[in-house]
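Now for the letters of each chain:
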Amino acid sequence: MKAVIFDLDGVITDTAEYHYLAWKSLADELGLPFDKEYNEKLKGVSRMESLELILALGNTEYTDEEKYQLADQKNELYKEMIKKVTPADLLPGIESLLKELREAGILIALASASKNAPFILDRLEVTHYFNHVVDVTQIKNGKPDPEIFLTGAAKLGVLPADCVGVEDAEAGIESIRSAGMYAVGVGTPAQMQKADLIVASTSELTLDLLKSSHANRA
Ligand code: BG6
Ligand code: MG
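Notes on the structure in this doc start here. All residue numbers refer to positions counted from 1 along the written sequence of the respective chain. Lettering for chains starts from A, numbering for ligands starts from 1, and both go in the order in which the items are written. Restriction of local features to residues with pLDDT of at least 70 applies here, the model being predicted, together with a cutoff of 80 or more for giving and counting side-chain atom pairs; totals for whole chains, interfaces and linings are based on all residues. Values reported for side chains reflect all heavy atoms of the structure, with hydrogen atoms and water molecules removed beforehand.

Starting at the N terminus, helices and strands are each numbered in turn, a helix being any DSSP run of H or I of at least four residues and a strand any DSSP run of E of at least two. Looking only at helices and strands, one finds nine helices and six strands in the protein. A compact globule built from 218 residues would reach a C-alpha radius of gyration of about 17 Å, and the protein, at 17 Å, matches this within 12%. Along the first, second and third principal axes, the C-alpha atoms of the protein reach 50 × 35 × 30 Å. For the protein, with 218 residues in total, the buried portion stands at 47%. Here, Shrake-Rupley sampling with a 1.4 Å probe gives the accessible areas, and only protein chains in the shown set may cover a residue. In the form shown here, the protein has an accessible surface area of approximately 10,500 Å², with 50% of it arising from carbon and sulfur atoms. Side-chain charges of the protein comprise 22 positive and 35 negative groups, with the mean position of each set lying 4 Å from the other. C-alpha atoms define the radius of gyration, and 2.2 Å times the number of residues to the power 0.38 defines the globule rule. Relative accessibility under 20% of the residue-type maximum defines a buried residue, over 50% an exposed one, and the middle range a partly exposed one, all with a 1.4 Å probe and only protein chains included. A positive count includes Lys and Arg, and a negative count includes Asp and Glu. His and the chain ends are not counted in either. Charge placement uses NZ in Lys and CZ in Arg. For Asp and Glu, CG and CD serve respectively.

Below is the structure:
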């Protein structure tokens, strides 16, 4: 294992909940029956694709301009929520894992679909741990396509087979696996069916666990 490539929302910090709340507020306003179960489909998916999934719950047609306006409305609400993010919002064990990885000379990248990712890393005060943050505006195909994780590996100069990817979304696990990397899923076995290794909480993620699981991969 030469590098670990992290997802952000739901792995480094629990902003997945804020994305949900912001979409929920928009869906309520539009009278659409959006709930937590349906929200699983949105995890890891870009802003505009998420909006399309929500609008598919109703049968109103919107113009492109209206769609951009709705996506903006959600993003403004989301940005209000993430202004309050502090280092205390790092998920359990994440900062010690980032430290351990750096000390062991393992490279670290971020592969998040969120355009707000650099701002959130700064709020969490962990930007300095990352050797590379993939610029999502340069990615043509979002998760589950492997492009974002492959770009992370290429920018770090490591082979996909030497990378471990960490995700909390089904689309993200698929992206890691099709990139030819070892996939670690944070969540329940039902949500993380395709992961190579599943942990219930980020507190279980340690250098030892990642290294030995990657070394013993099938
Ligand atoms: C992903 C989240 O990390 O980023 C998705 O899991 C979100 O829920 C996507 O839609 C895009 O985020 P943003 O901040 O660019 O709207
Ligand atoms: Mg996520």
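Anyway, onward from the coordinates.
With that out of the way, let us pick up the environment of Leu210. Tracing the backbone shows Leu210 in helix 9 (residues 207–215). A relative accessible area of 1% places Leu210 in the buried class. Along the backbone, Leu210 and Val184 are 26 residues apart, and their C-alpha atoms lie at a distance of 8.3 Å. Setting aside residues no more than four positions away along its own chain, Leu210 makes contact with Met1, Val4, Leu97, Val164, Val184 and Leu205. Working rule for contacts: check all heavy atoms of both residues, and any pair within 4.5 Å makes them a contact.

To continue, consider the coordination of the magnesium ion (ligand 2). Donor atoms are limited to N, O and S found within 2.8 Å of the metal ion, a distance that becomes 3.2 Å for Na, K and Ca. With water left out, some sites might look partial. In this structure, Asp7 (OD), Asp9 (O) and Asp168 (OD) serve as the protein donors to the magnesium ion (ligand 2), at separations of 2.1 Å. Sequence spacing of the donors to the magnesium ion (ligand 2): D-x1-D-x158-D. Residue Asp9 is located in the loop between strand 1 (3–6) and helix 1 (15–30), and its partner Asp168 is located in the loop between strand 4 (163–167) and helix 8 (170–178); the two are separated by 159 residues in the primary sequence. Note on Asp9: relative accessible area 12%, which makes it buried. Look at Asp168 and you get buried, because its relative accessible area is 7%.

Moving on, we get to the sheet that holds strand 3 (residues 132–133). Strand pairing is defined by DSSP finding a minimum of two bridges between the two strands. Read from one edge of the open sheet, six strands run 3-2-1-4-5-6, paired in parallel fashion. Edge strands, defined here as strands with exactly one partner in the open sheet, are strand 3 and strand 6 (197–199). As paired elements, strand 2 (residues 107–110) and strand 3 share two bridges and run parallel to each other. Bridge pairing links Ala109 to His132 in strand 3. Here the axes come from fitting lines to C-alpha atoms, over the contacting stretch only for helices, and the angles between their N-to-C directions go from 0 to 180 degrees. Most of the contacts of helix 7 (residues 147–156) go to strand 1, to which it runs at about 140°, and overall it touches strand 1, strand 2, strand 3 and strand 4.

Next up on the list: the site of ligand 1. Taken together, 14 residues are adjacent to ligand 1, and Asp9, Arg47, Ser114, Lys115 and Asn116 come closest. Whenever a nitrogen or oxygen atom comes within 3.5 Å of another N or O atom, the pair is scored as a polar contact, on the condition that within protein one atom can donate a hydrogen and the other can accept it, and that pairs from neighbouring residues in sequence are kept only if both atoms are in side chains. Within the backbone of Val45, an N or O atom sits 2.8 Å from an oxygen atom of ligand 1. Residue Asn116 places a side-chain N or O atom 2.7 Å away from an oxygen atom belonging to ligand 1. Within the complex, the protein chains bury 96% of what would otherwise be the 390 Å² of accessible surface of ligand 1. Residues belonging to the shell around ligand 1 are distributed by class as follows: three nonpolar, seven polar and four charged. Being near a molecule or strand, for a residue, comes down to having at least one heavy atom within 4 Å of it. Three classes are used, and their members are as follows: Ala, Val, Leu, Ile, Met, Phe, Trp, Tyr, Cys and Pro are nonpolar, Asp, Glu, Lys and Arg are charged, and the others, Gly among them, are polar.

Cis geometry marks the peptide bond from Lys143 to Pro144, where omega comes out at 15°. Checked against the element boundaries, Pro144 lands in the loop between strand 3 and helix 7.

So, about the pairing of strand 4. Judged by how many residues are buried, strand 4 sits mostly within the fold: five of five residues are covered. Neither face of strand 4 is exposed, since Cys163, Gly165 and Glu167 on one face and Val164 and Val166 on the opposite face are all buried. Note that strand 1 and strand 4 share four bridges and pair parallel. By the bridge assignment, Ile5 is partnered in strand 4 with Gly165.

Right, let's get into the packing of aromatic side chains. In this scheme Phe, Tyr and Trp rings, the latter by its six-membered ring, pair at centre separations within 6.5 Å, and the angle between planes marks the pair as stacked below 30 degrees, edge-to-face above 60, and tilted otherwise. Throughout the structure, instances matching the rule amount to three aromatic pairs. Ring geometry for Tyr20 and Phe34: centres 5.6 Å apart, planes at 35°, overall tilted. Here the residue Tyr20 occupies a position in helix 1, and Phe34 occupies one in the loop between helix 1 and helix 2 (36–39), the gap between them amounting to 14 residues. A relative accessible area of 2% places Phe34 in the buried class. An aromatic cluster is built from Tyr20, Phe34 and Tyr38, whose rings are joined through pairwise contacts. The rule is short: NZ of Lys or CZ of Arg within 6 Å of the ring centre and within 35 degrees of the ring normal puts a charge over the ring. Positioned above the aromatic ring of Tyr78, the side-chain terminus of Lys74 is 4.7 Å from the ring centre.

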